[in-house]
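Each chain, written out:
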Amino acid sequence: MSDNSQRSGKVILLGFDGMDFDLTSTLIEQGKLPNLEKLSRKGVFAPLLSVFPADSIPSWITTFTGKDPSDHGILDHVNYLLGDQDEAKIDTSVFHQKTFWDEIGSKSGSRVCIINPFMAYPAWPVNGVMVSGPAFIAGDIQVSDETSIGDLKIPDSIGGLEDLPGKATMRPFLDKAMQDTRDEAAFGLGMLEKNQPDLFFQTFLASDRVQHFLWRYCDAEDPTYPGQSDVDQGIEEYFSVADKVIGDFMERLDENDILLVMSDHGHGMRCTHCFNFNEYFRRQGYLKSTSGGRRISSKVVIEKLKNRVLRFMNDHDLEDYISKIAKLVPNAQALKKGTHIANYSDSQAYAPDFAGTNPFGGVCINRDKVDDYEAFRTQLIDELERVTYQGQPVFRWIKPRESMYCGQHIDSYPDLLYEMIPSLGTGFSMHTDLFTINPTHKKISGGHKKYGIFFGAGPGQWDVVTSDCKITNMYKTLLTLFGVDDDNSRTVSFFHRKSPAESPTN
Ligand SMILES: [Zn+2]
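All of these numbers come straight from a predicted model, not from anything done at the bench.

(A) Broad picture of the overall build of the protein. Scanning the protein from terminus to terminus reveals 14 helices and 21 strands. Contacts in the protein between residues at least 24 apart in sequence constitute 73% of all its contacts with a sequence separation of at least 6.

What follows is the structure in structure tokens.
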């Protein structure tokens, strides 16, 4: 162990995808998460700021590598609506063997045991063992060192995209999510026991799916809350399972061990309405419709028909059929994103499907079609800042991408980035009202929020620097615990032992 290491025992990091800071705080206050409550009293509990956009793929990869999304360049988001596996074939090789567990394993000689790191597939050789499954792609679960498994059974749920529920199958979906989590935890505990690593890291992904699909069944304030049902406590039920899993790990800790629990982003009620950016840009004259100047165009007819069908399906509780219908339409992806109707190459500004139907997203500008790029960008910000919905400004903020990040892949971001009020998501429809209902809310009623959770406890007293408690700093925080240097001056460690005087004597 290196001299400046902050740890004396092992470090265990558990990741739960999409566990929300506000919801976790509330459930702790209500006494429903006794193990997390105990952990927060022994150590720290703080909001952990996700990346922009607050999606699982960029956020976990930032956690793994310490690079912000403009640096690692993987900005994809998961579209649960289409459940289309082809869409999510993402090349992740750029960060293979460059993660915190690679650095800690090679530079401090620590033994690592890494289970189910999201998108880190296929497994690669590490100083210890790595077990990972394919996310969104076909493939088998891989183990970098078979001898580390012994007679433990690897759960099938590691990695892959699960079948998504319809409204008649919410209960079995929830039951399976909870059972998968218990099975994965049992496997993780077995691996911890058998391999005795210095660093143990496991992620659980079902927490994200449960909130995406069950939100409106559990939140009486959601306008589409259907009333009492057999899943109306479903999200709390899942959080209780997560709390129990954390408790099981706490029981295995030695007094010098450090336990960290984190999530990659939060969750809340997904936007119920959309601001249709492309319709706004069309009206402003910035975006050309492929209909040209003709008043009656088959493309406009299809667009209007699509808007009406989606609205009809929402009004008649036909949300389970949205993706089926979308798949029957040729070029379904183009229809969803509105590319069939917007003539992007001829336009000055448009909204791409950068972050899905969420309050956060981006606007693209065609440099070739504007005289002065910076002046046009400023003009768009000014105009959009004045847009109101029900008497309120639509945007919490809207700014140039360079004021968010400055990495080598910054051009992968749209030219402007924004966050709207939580009730509004990005809409891509044209030839419709500026503000419409979000026709997919009933299907996917939970949406991502930017604050996930961070818990940390170890021997002695620990402190968290709340203003630095960010996903971008997670990598350096972990390396620092192991005394491993990292030359990235843009990141800092946020979890520290309070003072040496309070350290236990060994
Ligand atoms: Zn996530």
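Back to the text.
(B) Structural detail: the pairing of strand β6 (residues 199–204). Burial analysis of β6 places 6 of its 6 residues in the buried class, which makes it a mostly covered element. Side chains of β6 alternate between two faces, with Leu199, Phe201 and Thr203 and Phe200, Gln202 and Phe204 buried alike. Relative to β6, strand β1 (residues 11–16) runs parallel, the two sharing 6 bridges. The residue of β6 that forms the bridge with isoleucine 12 is phenylalanine 200. In this structure, strand β3 (residues 112–115) lies alongside β6, joined through 4 bridges in parallel fashion. When the bridges of β6 are listed, isoleucine 115 appears paired with glutamine 202.

(C) View of the sheet that holds β3. An order of β2-β19-β7-β1-β6-β3-β4-β5 is seen for the 8 strands of this open sheet, with the pairing classed as mixed. Looking at the sheet topology across the chains shown, the edges are occupied by β2 (44–49) and β5 (142–143). Where β1 lies against strand β7 (residues 258–262), 5 bridges are found, and the strand directions are parallel. The partner of isoleucine 12 across the bridge, within β7, is leucine 259. Contacting β3, β4 (128–132) and β6, helix α6 (residues 170–195) crosses the sheet at an angle of about 170 degrees to β3. Along the sheet, helix α8 (residues 234–251) makes contact with β1, β6 and β7, crossing β1 at roughly 175 degrees.

(D) Representation of the nonpolar core. Among the nonpolar cores identified, the biggest contains 122 residues, and Leu48, Ile104, Leu214, Ala242, Leu260, Val261 and Phe455 are the most heavily contacted of them. Ranked by residues supplied to this core, first place goes to α8 with 8 residues. Each of two domains, domain 1 (11–81 + 94–269 + 447–502) and domain 2 (273–443), supplies a minimum of three residues to this core. Those residues within four positions of valine 261 in sequence are excluded, and the remaining contacts are Leu14, Leu39, Ile246, Ile453 and Phe455.

(E) View of unusual backbone geometry. Following phenylalanine 52, the chain continues into proline 53 via a peptide bond in cis, with omega recorded as -5 degrees. Relative to the assigned elements, proline 53 resides in the loop between β2 and α3 (56–65). Of note, the bond from tyrosine 121 into proline 122 is cis; its omega dihedral lies within 30 degrees of zero at -5 degrees. Positive phi values are uncommon outside glycine, yet glutamine 97 reaches one of about 65 degrees. Take glutamine 97: it is sitting in the loop between α4 (69–72) and α5 (100–107). Phi is positive for methionine 119, close to 75 degrees, though the residue is something other than glycine. Here methionine 119 lies in the loop between β3 and β4.

(F) Structural view of helix α10 (residues 298–315). Between its first and last C-alpha atoms α10 spans 25 Å; for 18 residues at 1.5 Å apiece the expected length is 26 Å, and the two agree. For α10, the set of buried residues is Glu303, Lys306, Leu310 and Asn314. Around the axis of α10, the buried residues are gathered within 65 degrees of arc, so they sit on the same side. In α10, the exposed residues that point more than 90 degrees away from the buried face are Ser298, Val301, Leu305, Arg308, Phe312 and Asp315. Phi for aspartate 317, located one or two positions after α10, is positive at around 55 degrees.

(G) Representation of helix α9 (residues 277–284). Along α9, the residues that are buried comprise Phe277, Asn278, Glu279, Tyr280 and Phe281. Considering only its buried residues, α9 is in contact with β9 (273–276), β10 (349–350), β11 (360–365) and β16 (424–427).

(H) Main features of the environment of proline 117. Checked against the element boundaries, proline 117 lands in the loop between β3 and β4. Considered as a pair, proline 117 and methionine 130 are 13 residues apart in the sequence and their alpha carbons are 8.5 Å apart. Leaving out residues up to four positions away in the same chain, proline 117 has contacts with Phe64, Ser132, Phe201 and Thr203.

(I) Fine view of the packing of α6 against α8. Two numbers describe how α6 lies on α8: the axes approach to 10 Å, and their chain directions differ by 10 degrees. On the basis of their axis angle, the class for α6 and α8 is roughly parallel. On α8, the residues that touch Leu174, Ala177, Met178, Thr181, Arg182, Ala185 and Leu189 of α6 are Gly234, Glu237, Tyr238, Val241, Ala242, Val245, Asp248 and Phe249. The residue inventory of the contact of α6 with α8, partitioned by class, reads 10 nonpolar, 2 polar and 3 charged.

(J) Region of the structure containing the packing of α6 against helix α7 (residues 206–218). Where α6 contacts α7, the two axes come as close as 10 Å, and the packing angle between them is 155 degrees. The orientation of α6 with respect to α7, classified from their angle, is roughly antiparallel. In terms of crossing hand, the pair formed by α6 and α7 is left-handed. Seen from α6, the contacting residues are Met170, Phe173, Leu174, Ala177, Asp180 and Thr181; seen from α7, they are Ala206, Arg209, Val210, Phe213, Leu214 and Tyr217. Here the residues of the contact of α6 with α7 are counted per class, giving 9 nonpolar, 1 polar and 2 charged.

(K) Spatial organisation of the pairing of β4. Most of β4 is tucked away: 5 of the 5 residues are buried. The sheet contact formed by β3 and β4 spans 4 bridges and is parallel. Bridge pairing in β4 places valine 112 opposite glycine 128. Two strands pair when backbone bridges link them, and β4 and β5 are joined in this way by 2 bridges, in the antiparallel orientation. Residue serine 132 lies in a different strand from β5, and its bridge partner there is glutamine 142.

Criteria and thresholds
Residues numbered from 1 in each chain as written. Predicted model: local features only at pLDDT ≥ 70, side-chain atom pairs only at ≥ 80, totals over all residues. Helix = DSSP H or I, 4+ residues; strand = E, 2+ residues; numbered from the N terminus. Contact = placed C-beta atoms within 7 Å. Buried ≥ 20, exposed ≤ 12 C-beta atoms within 10 Å, placed from the backbone. Pairing = 2+ DSSP bridges. Axes fitted to C-alpha atoms, helices over the stretch in contact; angles between N-to-C directions. Core = buried A, V, L, I, M, F, W, Y, C linked by C-beta atoms within 7 Å. Domains from an automatic or database assignment. Expected span 1.5 Å × (residues − 1). Arc of directions from axis to C-beta. Parallel < 35°, antiparallel > 145°, perpendicular 65-115°, else oblique. Nonpolar A, V, L, I, M, F, W, Y, C, P; charged D, E, K, R; others polar. Left-handed = near helix turned anticlockwise from the far one by under 90°.

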